[in-house]
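# Inside the fold
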Amino acid sequence: MSFTDRLAAARAATEPRPRDVIRRPERVRRGRDPFVELRRQVHHSLLQNLGPQLYDAELTLDELEVRVRQTLAEELKGGDIPLTNADRVRLAQEIADDILGYGPIEPFLRDEDITEIMVNGFDSVYVERSGKLYEVDARFSDEEHLRRTIEKIVGKVGRRIDEASPMVDARLADGSRVNAIIPPLAVDGCLLTIRKFSTEPLGVTDLISFATLTPGVAGFLRACVTARLNIIVSGGTGAGKTTTLNVLSHFIPDDERIITIEDAAELRLRQQHVLRLESRPPNIEGRGEVKIRDLVRNALRMRPDRIVIGEVRDGAALDMLQAMNTGHDGSISTVHANSPRDSLSRLETMVLLAGVDLPIEAIRQQMAAALNIIVHQSRFKDGTRRVTQVTEVVGMEGEVITLQDLFVHDHDAAYDSAGGAAGALVPTGLRPHFMDQLQRAGVPLDGAVFERPSGFTVTAAAGRRR
């Protein structure tokens, strides 16, 4: 190679290259279902034969299911396409699910081990099981089939979805939370997400068996709820905040009047005197909206002993803090945050969203006076959900809210050799400042629960002391 060629090659190597264009990988499309046309034909014939019986209010669900399956068996028997017994059973179940339920996702709604269903398109369905995501072999016939299913879901709860209102938050009859979004907002087609909830609400023994809590921390939180301390449960999305909130609510005595306020009614309290309130989005004309904040203010006129707010996410934070500071002790709520300190920052921001011109110091004084305990929960990479910090709100030092961790997760043993979460909640050795309040409330609590285990050190790097 000549000197000129070597010089040109060196210049080419040092010159900046145009940035590579990053293209989104296309979704792998599965092969076409050979029974699509047969399923559509039988489905249409079934609707024609049954007709108004599908909407007969006098028929129970079981009676309707029997008639659908009988008519379906006759339709499949009279078909010209030969089917194996396995194909006949599968088609009958799929069409019955489409008529009586929500099509391809109906089996996952019945599966109690599945906690979330995510439809990323008519041919792509994922589910969450044991905290991990799995793609499943389920698909809708086409985009129109998925759209009909979404409209069926939202129609049963008195809502509508169309181009003028392309997003819907709703809940099913069993309490499962539904979010749907359609074009033009969803670029690649309709999207559907369903978060399921256990038919039997989890109790404190379940959280202990899942290692979410330890028996000592569970006993401490029971004492805090009984003594009417104000508690915030913080954590990220899917960390299990609502489940923990529901368990804490079970500690409220049966003789108290409880008002729950939620965006979608998920809490299942076992007490007798429970009043459930649910917010309402605006209608198609943009009217009729009822926010969490409106419900909090209304709840104060309903003579509550306890107010349990499913999640604070807007100016309702101001009304919640005022309620806590005006005699409504023992309130419990959740907030999205990455740490106990973060939860205070979020509450401060949400109070400012209320549109009230308050100085920051006054807001922090209200928070310090209102809140007693912050329970922070995290989701680990193996899918487990655990309480990682139980923090006391001590008070104010100058312009800063003082916190102290009472229990923290042992991060030094965060994962075992198999990749599973191995650490546990351990006490830091610090005692809460409200021990006198527990004694005045007549709530016994053994001080041994706060004793620090040997070999455990409180380090700032682990976030164990603030």
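What counts and how
Residues numbered from 1 in each chain as written. Predicted model: local features only at pLDDT ≥ 70, side-chain atom pairs only at ≥ 80, totals over all residues. Heavy atoms only, no water. Helix = DSSP H or I, 4+ residues; strand = E, 2+ residues; numbered from the N terminus. Buried < 20%, exposed > 50% of the residue type's maximum accessible area, 1.4 Å probe, protein only. Contact = heavy atoms within 4.5 Å. Areas by Shrake-Rupley, 256 points an atom, 1.4 Å probe, with all protein chains shown as cover. Axes fitted to C-alpha atoms, helices over the stretch in contact; angles between N-to-C directions. Parallel < 35°, antiparallel > 145°, perpendicular 65-115°, else oblique. Left-handed = near helix turned anticlockwise from the far one by under 90°. Nonpolar A, V, L, I, M, F, W, Y, C, P; charged D, E, K, R; others polar. Pairing = 2+ DSSP bridges. Salt bridge = Lys/Arg side-chain N within 4 Å of Asp/Glu carboxyl O. pLDDT = per-residue confidence, 0-100.

As a further point, take the overall build of the protein chain. Each helix and strand counted, the protein chain has 14 helices and 15 strands in total. Here the protein chain, with 466 residues, has 47% of them falling under the buried criterion. Of all intrachain contacts in the protein chain linking residues separated by at least 6 positions in sequence, the fraction that spans at least 24 positions is 57%. Counting only carbon and sulfur atoms, one obtains 50% of the accessible surface of the protein chain, whose full area is about 24,700 Å².

Remark: helix α12 (residues 340-352) packs on helix α13 (residues 360-370), axes separated minimally by 10 Å, with the N-to-C direction vectors making an angle of 125°. Between α12 and α13, the angle falls in the class oblique. Considering only the axes of α12 and α13, their crossing is right-handed. Of the residues in α13, those in contact with Leu344, Leu347, Glu348, Val351 and Leu352 of α12 are Ile360, Ile363, Arg364 and Met367. Here the contact of α12 with α13 is built from residues that sort into seven nonpolar, no polar and two charged.

By the alternation rule, side chains of strand β4 (residues 167-171) split into Val168 and Ala170, which are all buried, and Met167, Asp169 and Arg171, of which none is buried. Sheet analysis places β4 next to strand β5 (residues 177-181), joined by five bridges and oriented antiparallel. Among the inter-strand pairings, Asp169 is bridged to a residue of β5, identified as Asn179. Between the antiparallel neighbours β4 and β5 lie five residues, among them Gly175 with a positive phi of about 95°.

Further remarks concern the pattern of salt bridges. Using the criterion set out here, one finds 17 salt bridges in the structure. The partner of Asp111 in a salt bridge is Arg129, with the nearest N and O atoms 3.3 Å apart. Placement of Asp111 in the loop between α5 (106-110) and β1 (114-121) and of Arg129 in strand β2 (residues 124-129) is noted, with a sequence separation of 18 residues between them. Looking at Asp111, the relative accessible area reads 25%, which means it is partly exposed. For Asp162, the salt bridge is made with Arg160, and the minimal N-O distance between the two is 2.4 Å.

With 73% of its residues at a pLDDT of 70 or more, the protein chain shows a mean pLDDT of 80. Per-element confidence in the protein chain ranges from a low mean pLDDT of 54 for helix α1 (residues 3-14) to a high of 95 for strand β7 (residues 231-235). Overall, residues 16-25 carries pLDDT values under 50, and its contacts beyond four positions in sequence, including any with other chains, amount to one contact. Every residue in residues 460-466 scores below 50 in pLDDT, and together they form 23 contacts with partners more than four places removed in sequence or on other chains.

Summarising the element assignment, Val157 is placed in the loop between α6 (143-155) and β4. Judged by its relative accessible area of 33%, Val157 falls in the partly exposed class. On a C-alpha basis, the gap between Val157 and Arg171 in space is 7.3 Å, while along the polypeptide they are 14 residues apart. The residues contacting Val157, other than those within four sequence positions of it, are Ala170 and Arg171.

Moving on, we get to helix α9 (residues 241-249). Of all nine residues that make up α9, seven are buried, and the element is covered over most of its length. Among the residues of α9, those classed as buried are Lys241, Thr244, Leu245, Asn246, Val247, Leu248 and Ser249. For α9, the secondary structure elements touched by its buried residues are α7 (204-209), α8 (215-226), β7, β10 (306-309), β11 (332-336) and β12 (373-379).

A separate point is unusual backbone geometry. Going from Pro183 to Pro184, the amide bond is cis rather than trans, its omega being 10°. Take Pro184: it is sitting in the loop between β5 and β6 (191-195). One non-glycine residue, Arg228, adopts positive backbone phi at about 65°. With respect to the helices and strands, the residue Arg228 is situated in the loop between α8 and β7.

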